[in-house]
2 protein chains.
Amino acid sequence: MFYIIGLGLSDEKDVTVRGLEAIKNCSRVYLEAYTSILMVQKDRLEAFYGKELILADRDTVETQSDEILRNADKEDVCLLVVGDPFGATTHTDIILRARALKIPTRVIHNASIMNAVGASGLQLYNFGQTVSLVFFTETWKPDSFYDRIKENADLGLHTLVLLDIKVKEQSDENLARGRKIYEPPRYMSIPLAVSQLVEVESLRSTGILHPDKTLAVALSRVGGGDEHQRIVAGTLQELLDHPKETYGEPLHSLIIVGKRLHHLEVDYAEEFAINKDTWRTVAKDVYGCSLD
Amino acid sequence: MFYIIGLGLSDEKDVTVRGLEAIKNCSRVYLEAYTSILMVQKDRLEAFYGKELILADRDTVETQSDEILRNADKEDVCLLVVGDPFGATTHTDIILRARALKIPTRVIHNASIMNAVGASGLQLYNFGQTVSLVFFTETWKPDSFYDRIKENADLGLHTLVLLDIKVKEQSDENLARGRKIYEPPRYMSIPLAVSQLVEVESLRSTGILHPDKTLAVALSRVGGGDEHQRIVAGTLQELLDHPKETYGEPLHSLIIVGKRLHHLEVDYAEEFAINKDTWRTVAKDVYGCSLD
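Residues numbered from 1 in each chain as written. Chains lettered and ligands numbered in written order. Predicted model: local features only at pLDDT ≥ 70, side-chain atom pairs only at ≥ 80, totals over all residues. Heavy atoms only, no water.

## Thoughts on the overall build of chain A
The helix and strand inventory of chain A stands at twelve helices and twelve strands. With the C-alpha coordinates of chain A rotated into their principal frame, the extents come out at 65 × 45 × 35 Å. Within the span of chain A, comprising 292 residues, buried residues form 55% of the whole. Once local pairs closer than 6 in sequence are excluded, the contacts in chain A between residues at least 24 apart make up 73%. Split by element, the accessible area of chain A, about 12400 Å² in all, is 48% carbon and sulfur. Each charge class in chain A can be summarised by its mean position, and for the 33 positive and 44 negative side chains these summaries are 5 Å apart. (Helix = DSSP H or I, 4+ residues; strand = E, 2+ residues; numbered from the N terminus. Buried < 20%, exposed > 50% of the residue type's maximum accessible area, 1.4 Å probe, protein only. Contact = heavy atoms within 4.5 Å. Areas by Shrake-Rupley, 256 points an atom, 1.4 Å probe, with all protein chains shown as cover. Lys, Arg positive; Asp, Glu negative; His and termini not counted. Charge placed at Lys NZ, Arg CZ, Asp CG, Glu CD.)

## As for the interface of chain B and chain A
Opposite the 56 residues of chain B that make contact, chain A presents 56 residues. Summed over both partners, the interface of chain B with chain A comes to about 4700 Å²; 54% of that surface belongs to carbon and sulfur atoms. Sorting the residues of chain B by area buried against chain A places B:Arg99, B:Tyr125 and B:Tyr268 first, and these three jointly supply 15% of that buried surface. Counting the contacts that link chain B with chain A gives ten salt bridges. Where B:Arg18 meets A:Asp11, a salt bridge forms, and the shortest distance between an N and an O atom there is 2.4 Å. Summed over the shared surface of chain B and chain A, the number is 26 residue pairs in polar contact (both at pLDDT 80 or more). Taken together, the elements giving at least two residues each to the side of chain B that touches chain A come down to helix 1 (17–24), helix 5 (89–100), helix 6 (113–116), strand 6 (131–133), helix 7 (144–154) and helix 11 (263–270) of chain B. With six residues, helix 5 of chain B is the largest single contributor of residues to the side of chain B that touches chain A. (Buried area = accessible area lost by both parts, 1.4 Å probe. Salt bridge = Lys/Arg side-chain N within 4 Å of Asp/Glu carboxyl O. Polar contact = N/O pair within 3.5 Å; in protein donor to acceptor, adjacent residues only side chain to side chain.)

## Regarding the relation of the copies chain B and chain A
Superposing chain B onto chain A requires a rotation of 180° together with a translation of 0.0 Å along the rotation axis, leaving an RMSD of 0.0 Å. Here the copies are linked by what is in effect a two-fold axis. Most of the interface of chain B is mirrored in chain A, where 100% of its interface residues again form contacts. (Least-squares fit on C-alpha atoms with pLDDT ≥ 70 in both.)

## Some details on the sheet that holds strand 2 (residues 28–32) of chain B
Residues and elements named next belong to chain B. Spatial ordering of the open sheet is given by 3-2-4-1-5, a layout of five strands whose pairing is parallel. The open sheet has two edge strands with one neighbour each: strand 3 (54–56) and strand 5 (105–108). When the angles between neighbouring strand axes are averaged without regard to direction, this sheet yields 25°. As paired elements, strand 2 and strand 4 (residues 77–81) share four bridges and run parallel to each other. Bridge pairing in strand 4 places Val29 opposite Cys78. (Pairing = 2+ DSSP bridges. Axes fitted to C-alpha atoms, helices over the stretch in contact; angles between N-to-C directions.)

## Observations concerning the packing of aromatic side chains
Tallied over the entire structure, the rule returns six aromatic pairs over all chains. Consider the rings of A:Tyr268 and B:Phe86, whose centres lie 6.2 Å apart with planes at 80°: the pair is edge-to-face. With A:Tyr268 in helix 11 (residues 263–270) and B:Phe86 in the loop between strand 4 and helix 5, this pair bridges two chains. Clustering of aromatic rings is evident, with ring pairs tying together A:Phe86, B:Tyr268 and B:Phe272. In this structure, A:Arg99 is placed above the aromatic ring of B:Tyr268, and the distance from its NZ or CZ to the ring centre is 4.3 Å. One cation-aromatic arrangement involves B:Arg99 over A:Phe272; the distance from NZ or CZ to the ring centre is 5.6 Å. (Phe/Tyr/Trp six-rings, centres within 6.5 Å; stacked < 30°, edge-to-face > 60°. Lys NZ or Arg CZ within 6 Å of the ring centre and 35° of its normal.)

## A look at unusual backbone geometry
Both trends apply: most residues other than glycine have a negative phi, and most peptide bonds are in trans. Residue A:Leu251 is bonded to the preceding A:Pro250 through a cis peptide linkage, with omega at 5°. At B:Arg221, a residue that is not glycine, the phi angle is positive and equals roughly 50°. By the secondary structure assignment, B:Arg221 is in the loop between strand 10 (215–220) and strand 11 (230–235).

## What about the UniProt feature "binding site: S-adenosyl-L-methionine" (unreviewed entry) in chain A?
UniProt tags A:Leu9, A:Asp84, A:Gly87, A:Ser112, A:Ile113, A:Leu163, A:Val222 and A:His252 as "binding site: S-adenosyl-L-methionine" (unreviewed entry). In this fold, A:Leu9 is placed in the loop between strand 1 (2–6) and helix 1 (17–24). Looking at where A:Val222 falls in the secondary structure, it is placed in the loop between strand 10 (215–220) and strand 11 (230–235). Overall, A:Val222 belongs to the buried group, its relative accessible area being 4%. Those residues in contact with A:Val222 that sit more than four places away from it in its chain are A:Leu9, A:Ile113, A:Ala116, A:Ala119, A:Gln229 and B:His109. (UniProt positions renumbered as here; feature names shortened; annotations may be inferred.)

## Digging into the side chain of B:Asp14
Within the secondary structure, B:Asp14 sits in the loop between strand 1 (2–6) and helix 1. Side-chain polar atoms of B:Asp14 contact the side chain of A:Arg18, separated by 3.1 Å. Among all residues touching B:Asp14, those that are not within four sequence positions of it are A:Thr16, A:Arg18, B:Leu7, B:Gly8, B:Leu9 and B:Asn110.

## Describing the sheet that holds strand 11 of chain A
Residue and element names in this part refer to chain A. One open sheet holds the five strands; their spatial order is 6-7-12-10-11, and the pairing between them is mixed. Both outer strands of the open sheet, strand 6 (131–133) and strand 11, are each paired with one neighbouring strand and no more. Within this sheet the neighbouring strands show an average axis-to-axis angle of 25°, counted without direction. Two elements, strand 10 and strand 11, share six bridges in a ladder whose sense is antiparallel. Opposite Ala218, over in strand 11, you have Val232 as the bridge partner. The strands touched by helix 7 (residues 144–154) are strand 6, strand 7 (159–163) and strand 12 (252–256); relative to strand 6, the strand with the most contacts, the crossing angle is about 140°. On top of the sheet, helix 12 (residues 276–285) reaches strand 10 and strand 11; it is set at about 130° to strand 10, its chief contact.

## A few points about the nonpolar core
A:Phe2, A:Leu261, B:Phe2 and B:Leu261 are the most contacted members of the largest nonpolar core, which totals 99 residues. When residues of this core are assigned to their parent elements, the largest contribution, four residues, is made by helix 5 (residues 89–100) of chain A. If near-sequence neighbours (up to four positions away) are discounted, A:Leu261 is found in contact with A:Leu122, A:His158, A:Leu215, A:Val266, A:Ala283, A:Tyr287 and A:Cys289. (Core = buried A, V, L, I, M, F, W, Y, C linked by side-chain atoms within 4.5 Å.)

## With respect to the pattern of salt bridges
Across all of its chains, the model carries 42 salt bridges over all chains by this definition. Where B:Lys141 meets B:Glu199, a salt bridge forms, and the shortest distance between an N and an O atom there is 2.7 Å. Of this pair, B:Lys141 sits in the loop between strand 6 and helix 7 while B:Glu199 sits in helix 9 (residues 190–204); the two residues are 58 residues apart in sequence, bridging distant segments of the chain. On the basis of relative accessible area, B:Glu199 is assigned to the partly exposed category, the value being 29%. Residues joined by salt bridges that share partners form a network here, namely A:Asp11, A:Asp14 and B:Arg18.

## Some thoughts on the packing of helix 11 of chain B against helix 12 (residues 276–285) of chain B
Residue and element names in this part refer to chain B. Running from N to C, helix 11 and helix 12 cross one another at 170°; their axes reach a closest spacing of 10 Å. In this view, helix 11 runs roughly antiparallel relative to helix 12, as classed from their interaxial angle. In this structure, helix 11 uses Val266, Asp267, Ala269 and Glu270 to contact helix 12, whose residues at the interface are Lys276, Trp279, Arg280 and Ala283. Taken together, the residues of the contact of helix 11 with helix 12 sort by class into four nonpolar, no polar and four charged. (Parallel < 35°, antiparallel > 145°, perpendicular 65-115°, else oblique. Nonpolar A, V, L, I, M, F, W, Y, C, P; charged D, E, K, R; others polar.)

And the structure:
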């Protein structure tokens, strides 16, 4: 059997009981290590599982899937994925490959940011499509995410924005020279994300992302408990001005709040507001929420 | 501490290790038993946890939350919720109440249908807002869900439709007489859901839900393994004509496929198609997918 097992969002104890049992029975355990990260290191997972982990980078999962799947028709092999296995396309690829090889597969689900975002107090029903925001460079500023946010905003829906993560990336020079030397990992911060959003708004000027009139919620390490989880709510400008350290450790995500905002959502997220007065005033005056 | 703990989607082993540890330390363990169901009964959960469970119906969670929260500032108390704690509004209510009482809270996340729907092979990024479909009666056929599906469809997005569940409902007569006699639980089936969708389409006639030109995917007991999980894909008409038993046990959900459908999504979900030829033909000719 080939298992793809979601690890959930924060540490080794977020695996499910079913997932842990499956891991313990596997002869090879791969850890997918490029689309997301846990708050803990590989050795802590290994100690908890009592198993050695094989790191699987993008190249391994995408082009060497037959090696991962080797003998999985005769023994149990698993690929561990942070969050839920169906966050990223590449995992459907490897399941399709397993099917072609007639290897039975089983997916063990877990929480992912796609549902744990509810921790903000914003209702999952009120979210539109999710978008990704990549690091801009001097010459490459892909902005199709803006159209998606606008589609959601026009319907009054919230948008979950997933922030870029660069793991095991090569510099242009190293890539050109074929040198397998990798840059240190980079995780997009909330202020950088907001500044990129505001930069694109200044070019498009549709008004969906206004520094003082658009509310947003920043999330970090959701589900990690009070000592790790950070949720910060405010206007885009407030989030931009807020000290970077207060957002906690990566990974970060950002919610752009839509106009269908409900007063219960305002009440709940107020707990996380940089400035409770601004939060309620904008919710009332700009979003039209009926608040006491 | 007051914990709200997600149990995941299928049985007792879907709880996380962190969740199980918390349950074992609680002096009172409540099981929320009205917005969703697990595949297993209360006694099996009790045996697995080594704890007695207190069933909490809607009335208890919504109006007697102070009883649930009693002493939670001094001892550990938890509320168990199928899926993830932030699927339904009522759980934000009880956390707000705990905050007002200065009781520390912690949420332990898990998979919910909102992310596990990725098991269909349809990408989470391509989903718009989620809708709920309630049982129609002769005199009450609320159809605002149709506007939501149309908003998604106009953007080419998929819609997750959550099907109604009636647990501990009273008949009009028993309600009027104040008799606490409850009807047997009812779970909306896929054919009934599709017939309600088609009924509303026949009134609205915008063409977003066409019997032979709209693709949909039915899901049941996602994550329950091959012996329980059922995923069935086809046109609305095929789903309507398909024997009801083949959809497996409740709960059921339904995805209305949007036009932004990607060929990899078609390939993956083809495995679940009632008729692979129809599936690919409609994807190609109606949805405009580039398929081999």
